[in-house]
Amino acid sequence: MKVSIIMGSKSDWDVMSAACQTLEEFGVEYEKKVISAHRTPEFFCEYMAGARDRGVGIVIAGAGGAAHLPGMAAAMTSLPVIGIPIKSAALNGLDSLLSIVQMPSGIPVATMAINGAKNAALYAISMLALQDAGLASKLEAFRKSQAEKVLQTEL
Ligand code: RP5
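Note that the structure is a prediction, hence the values are computed from the model and not measured. (Residues numbered from 1 in each chain as written. Predicted model: local features only at pLDDT ≥ 70, side-chain atom pairs only at ≥ 80, totals over all residues. Heavy atoms only, no water.)

**A word on the pairing of strand β2 (residues 30-34)**
Every other side chain in a regular strand lies on the same face of the sheet, so the side chains alternate between the two faces. Strand direction decides the pairing type here: strand β1 (residues 2-7) and β2, joined by five bridges, are parallel. Residue pairing in the sheet places Val 3 in a bridge with Tyr 30 of β2. Where the polypeptide runs from β1 across helix α1 (residues 13-25) and back to β2, its parallel neighbour, the crossover connection is right-handed. (Pairing = 2+ DSSP bridges. Helix = DSSP H or I, 4+ residues; strand = E, 2+ residues; numbered from the N terminus. Right-handed = clockwise from strand over helix to strand, strands pointing away.)

What follows is the structure, encoded as structure tokens:
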């Protein structure tokens, strides 16, 4: 099972690359694509409709502004969708956050913090780890190492 990482624009890549990096660190297979629900609507529909057949298990979708990409992705597939609100120039990402988090009942999107790409990947990993003992061990080791760093911090 792989993760599909989509984003509305190349301008989202600086944030979204952290999700790819985290998946790579855990050895999780992924695909990545710039795809827009409003600029490339037909291709978007095809891409999302084919996700499950491509072996995708979880979708991570980042978008800024009106940020309808994660919600539309969730509308097009019953795979779980994790949304990342991208910090926007005009409203600092509050627009993106509210757009993604306020999905109407029936089509959920698990919404991360503004620019929360690393956590999106970790959340996807925790879902994949439900069925993968090796991945669960890696996640436990990551948590342990993170805790040790905090405990060793001296001021
Ligand atoms: C959204 O509009 C993208 O997700 C991006 O965050 C925002 C701005 O896109 P660009 O104008 O930089 O391409 O679709």
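**Some points on the sheet that holds strand β4 (residues 81-86)**
Pairing within the open sheet is parallel, and its five strands lie in the order β2-β1-β3-β4-β5. Of all strands in the sheet, those with a lone pairing partner are β2 and β5 (110-111), marking the two edges. Contacts from α1 reach β1, β2, β3 (56-64) and β4, with the element oriented near 170° to β1. Contacting β1, β3 and β4, helix α3 (residues 69-76) crosses the sheet at an angle of about 150° to β3. (Contact = heavy atoms within 4.5 Å. Axes fitted to C-alpha atoms, helices over the stretch in contact; angles between N-to-C directions.)

**Some points on the site of the ligand**
Taken together, the residues surrounding the ligand are Gly 8, Ser 9, Ser 11, Asp 12, His 38, Arg 39, Ala 63 and Gly 64. Separating an oxygen atom of the ligand from a side-chain N or O atom of Ser 11 is a distance of 2.7 Å. The contact in question runs from an oxygen atom of the ligand to an N or O atom on the side chain of Arg 39, over 2.9 Å. Against a free-state accessible area of 360 Å², the protein chains account for coverage of 66% of the ligand. The residue inventory of the shell around the ligand, partitioned by class, reads one nonpolar, five polar and two charged. (Near = heavy atom within 4 Å. Polar contact = N/O pair within 3.5 Å; in protein donor to acceptor, adjacent residues only side chain to side chain. Areas by Shrake-Rupley, 256 points an atom, 1.4 Å probe, with all protein chains shown as cover. Nonpolar A, V, L, I, M, F, W, Y, C, P; charged D, E, K, R; others polar.)

**A closer look at the environment of Gly 57**
Assignment of secondary structure puts Gly 57 in strand β3. On a C-alpha basis, the gap between Gly 57 and Met 1 in space is 5.3 Å, while along the polypeptide they are 56 residues apart. Discounting chain neighbours no more than four positions away, the residues touching Gly 57 are Met 1, Lys 2, Leu 79 and Pro 80.

**Comments concerning helix α5 (residues 117-128)**
With twelve residues, α5 extends 17 Å between its outermost C-alpha atoms, agreeing within 8% with the 16 Å of an ideal straight helix rising 1.5 Å per residue. Taken residue by residue, α5 has Ala 117, Ala 120, Ala 121, Leu 122, Ala 124, Ile 125 and Leu 128 as its buried positions. Each element contacted by the buried residues of α5 is listed here: β1, α1, β3, β4 and α6 (133-151). (Expected span 1.5 Å × (residues − 1). Buried < 20%, exposed > 50% of the residue type's maximum accessible area, 1.4 Å probe, protein only.)

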